[in-house]
Amino acid sequence: MNYRFMAVATLGAALLLSAVPTALAQNKPQSDLSAAQRLEVMRSKLESLRRSLDNAISTLPPKSTDKKQAVDDPRQRLQGLEKEVSSILSEVNDIRGKQDRSERYDATVLDRLETSVVDIDTRAQAGLQATAGARTASAASANAPAKKKKKGKLFGLFGGGGDDKYAELTGEVAAGRDRVLFEEAAKQVRKGSHETGRLLFTTIINTYPDSPFLPLAKLAIADSFYLEGTTSNLIQAAQAYQDWLTFFPTDPLAPYAMMKVAESEMRQMGLSDRDPTHAYKAELRLKVLMQQYPQTKLRPDVERRLREVQENLAMHNLQIANFYAYKHYQGKGGLKGAQYRYREIVDKYPDFSFMDEVLFKLAATYQLEEEPDEAAKYYQKLLRNHPNSEFAEKAREQLGIIGAPVPDPDPVRKSAPPPVRPGMVGNLLQQVSGKADVTVDKNGVLISKDGKGGSDLIDEALKFNGQLPTNVTPQAPVRRDSLKPAQANPAPRSGVQNVAPVNATTPASAPVKP
């Protein structure tokens, strides 16, 4: 009796330790981002938009004194949009100040501000496009080139004094200027001046609506966010790639852009005991990629990344299932919850590297519910597909208790070794990092992270004046060819290995000694 008490106590401790992180994860807010991160994304968007509007306004002549003309004056239209942007930005900065000072504020204001940012961005982009012709005409009608700035800063970013090439590039509209802007923007992004590069790419979009470089400028902006790589940047990268796909869904680069949307989510994924929102989004994007572009050359890489993401999601479910199982053995219910999560793993994630554990524990829940036929089905599946599992011998014992036949192992899997598990040091390092162990390519579609002139797709675009040859594709994504699919995202045993079935002579409340 004492031995049984000690075994149950030890099992309870193990269950509790494995379940605590998951339990904490369940109480986290379901929002993708913290309030501070949401505010930072809005601030970055608004400041970039304000600079684009200021730059466009500076290229237009002063407002007409004719009241009839003033109604449709492009300068007045852009100035009105700039005032709205500045007003929303001021409100965002006010909330950020309260956040920094730990002052209380109505959290619903963030939703309202995000809606306002989306609305003003749509209207500002439309305004910039609508006034592009007026700005071109204004520059063409000028009798003399604008004087070069000697002092001050362009957009609040570029230093004044001497020759300000950026003021000249962005302040005048001229034939061939879009190519010069594109080349200079690419140089700035490669140097790490991502904000400067984005502003130059945006100038092409807003000032040269018929430029052959316009589609690639939009894609390069998404690349610049992706290369910068902070949480705020990755959110904006995913949005920018998705916006580009909306306009160019049949472009040969579309599968690569969609891969970047998925990888933007993967780079934000946490460990399996954290909020799985980014993992769910990455899984969805990867599945959509394969559905929309079934013949893409990226398919092997997409499938590899999908296995890694699903490994993370399956482990998340396993930890929750074990937590519910622990509640059951405390006499607090939870058996149905555990059964549902185990079964979901079996149905959704057939390549999960801990499937042997899942099958064994799912069968155990059916034995506890006195459904021996269902229990036998999963024990038999375990022995057919995982004959070398550490749970195999226990499964044979339980089939003997049930009186069900023991199946022969699958010949293909008979000689397969059990999955390799990471050691203690590897687990500790992963816990410290807090990031999921997934394969991502940190290069953009057009611009690589460490690329130099001449090695990227953006260089090919410059060679062919904004067009890409049909036989040219981005560099191959990062691979993990040395890793087997089941090892791509390894994780430690979930810590609850003794959720054992009961036989006819054992009380349902007590786990069987393994």
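Please read these numbers as outputs of a predicted model, since none were measured by experiment. (Residues numbered from 1 in each chain as written. Predicted model: local features only at pLDDT ≥ 70, side-chain atom pairs only at ≥ 80, totals over all residues. Heavy atoms only, no water.)

Asker: Describe the overall build of the chain, listing the residues and the values that go with them.
Answerer: Tallying secondary structure elements over the chain gives 21 helices and zero strands in all. Looking at the chain as a whole, 48% of its 514 residues qualify as buried. Restricting the contact set of the chain to residue pairs at least 6 apart, pairs at least 24 apart contribute 68%. Carbon and sulfur atoms form 53% of the exposed surface of the chain, whose accessible area is close to 25,400 Å². (Helix = DSSP H or I, 4+ residues; strand = E, 2+ residues; numbered from the N terminus. Buried < 20%, exposed > 50% of the residue type's maximum accessible area, 1.4 Å probe, protein only. Contact = heavy atoms within 4.5 Å. Areas by Shrake-Rupley, 256 points an atom, 1.4 Å probe, with all protein chains shown as cover.)

Asker: Residues and numbers for the packing of helix H2 (residues 35–58) against helix H5 (residues 108–130), please.
Answerer: It is the contact of H2 with H5, at a shortest axis distance of 11 Å, that shows an interaxial angle of 20°. Judged by the angle between their axes, H2 and H5 are roughly parallel. Seen from above, H2 lies across H5 with left-handed handedness. Here Ala-35, Arg-38, Leu-39, Met-42, Lys-45, Leu-46, Leu-49, Ser-52, Leu-53 and Ala-56 of H2 come into contact with H5, specifically with Leu-110, Asp-111, Leu-113, Glu-114, Val-117, Ile-120, Asp-121, Ala-124, Gln-125 and Leu-128. Per-class residue counts for the contact of H2 with H5 are 13 nonpolar, two polar and five charged. (Axes fitted to C-alpha atoms, helices over the stretch in contact; angles between N-to-C directions. Parallel < 35°, antiparallel > 145°, perpendicular 65-115°, else oblique. Left-handed = near helix turned anticlockwise from the far one by under 90°. Nonpolar A, V, L, I, M, F, W, Y, C, P; charged D, E, K, R; others polar.)

Asker: Can you break down the side chain of Asn-322 residue by residue, with the values?
Answerer: Structurally, Asn-322 is set in helix H14 (residues 299–329). Of note is the side chain of Asn-322, whose polar atom sits 2.7 Å from the side chain of Tyr-342. (Polar contact = N/O pair within 3.5 Å; in protein donor to acceptor, adjacent residues only side chain to side chain.)

Asker: For helix H8 (residues 177–190), give the residues involved together with the corresponding values.
Answerer: Helix length check: H8, at 14 residues, gives a terminal C-alpha distance of 20 Å against a target of 20 Å (1.5 Å per residue), a fit within 8%. Residues of H8 that are buried include every one of Arg-177, Asp-178, Leu-181, Phe-182, Glu-184, Ala-185, Ala-186, Gln-188 and Val-189, and no others. The first or second residue beyond H8 is Gly-192, which carries a positive phi of 95°. (Expected span 1.5 Å × (residues − 1).)

Distances and angles like these do not, on their own, reveal function.
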